[in-house]
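# Understanding the architecture of this molecule
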Amino acid sequence: MDKDEILTRAQREGRNGIDDGSAQVKNKGLRYGVSVVYALYLLYLILAWYKDTSLPFVAQSMFMALVTGDALSCWKDRHTFGSLALLVLASVVTIGVTVAGIMQLFGK
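Residues numbered from 1 in each chain as written. Predicted model: local features only at pLDDT ≥ 70, side-chain atom pairs only at ≥ 80, totals over all residues. Heavy atoms only, no water.

### Observations concerning unusual backbone geometry
Cut-off, in case you're wondering: The helix count covers DSSP runs of H or I at least four residues long, the strand count covers runs of E at least two residues long, and both are numbered beginning at the N terminus. Summary of the burial criterion: residues with accessible area below 20% of their type's maximum are buried, those above 50% are exposed, and those between are partly exposed, where the area comes from a 1.4 Å probe applied to protein chains only.
For aspartate 52, which is not a glycine, the phi torsion comes out positive at approximately 55°. Tracing the backbone through its elements, the reader meets aspartate 52 in the loop between helix 2 (20-50) and helix 3 (57-78). Positive phi, close to 55°, is recorded for histidine 79, a residue that is not glycine. Within the secondary structure, histidine 79 sits in the loop between helix 3 and helix 4 (81-105). Overall, histidine 79 belongs to the exposed group, its relative accessible area being 54%.

### Points about the nonpolar core
To keep it simple, the criterion reads: Side-chain atoms within 4.5 Å link the members of a nonpolar core, which is a set of buried Ala, Val, Leu, Ile, Met, Phe, Trp, Tyr and Cys residues. Here, two residues are considered to be in contact whenever any of their heavy atoms come within 4.5 Å of each other.
Counting 7 residues, the largest nonpolar core is built from Tyr41, Ala48, Leu55, Phe63, Met64, Val67 and Ala90. Broken down by element, the residue count for this core peaks at 3 residues, all from helix 3. With residues up to four places along the chain from it excluded, the contact list for methionine 64 reads Ala90, Val93 and Thr94.

### As for the layout of surface pockets
Which entries qualify depends on this criterion: Only protein atoms enter the 1 Å grid, on which a cavity is a set of points fitting a 1.4 Å probe that cannot get out and a pocket is an open set with protein on both sides within 12 Å along at least 5 of 7 lines, lining residues being those with an atom within 4 Å of a point. Grid points are joined across faces, edges and corners, and a volume is the space filled by probe spheres set on the points. Ten residues, namely Ala, Val, Leu, Ile, Met, Phe, Trp, Tyr, Cys and Pro, are considered nonpolar, four, namely Asp, Glu, Lys and Arg, are considered charged, and the remaining ones, Gly among them, are considered polar.
Volume-wise, the largest pocket comes out at about 420 Å³. What lines the largest pocket is Asn27, Leu30, Arg31, Val34, Leu66, Gly69, Asp70, Ser73, Cys74, Lys76, Asp77 and Arg78. At the level of elements, helix 2 and helix 3 are the ones that each hand at least two residues to the lining of the largest pocket. Here the lining of the largest pocket takes 8 residues from helix 3, the largest share from any one element. Residues that form the lining of the largest pocket fall into these classes: 4 nonpolar, 3 polar and 5 charged.

Put into structure tokens, the structure is as follows:
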């Protein structure tokens, strides 16, 4: 096999032409980004608790959407009862917080 054939085969085997190294870098960056979002949400939650106020529903809704997406990818990867339970719970909370946020925005 020559170099071009190896490259073509590797691209064909990868998802959407992305090789394993690129996928690893992308996944690692995504994990770092999600970790930063979790840390910032925790910081905002602590500050809101300290100031005796609540977080806006928009922030809660966006955070719960992130948790739901994370739970979905975990369930797709593992197919365990715990990951399914987390997915269902996160989905219900996301829907509830989103509905509450919409009601708050429209003054109901």
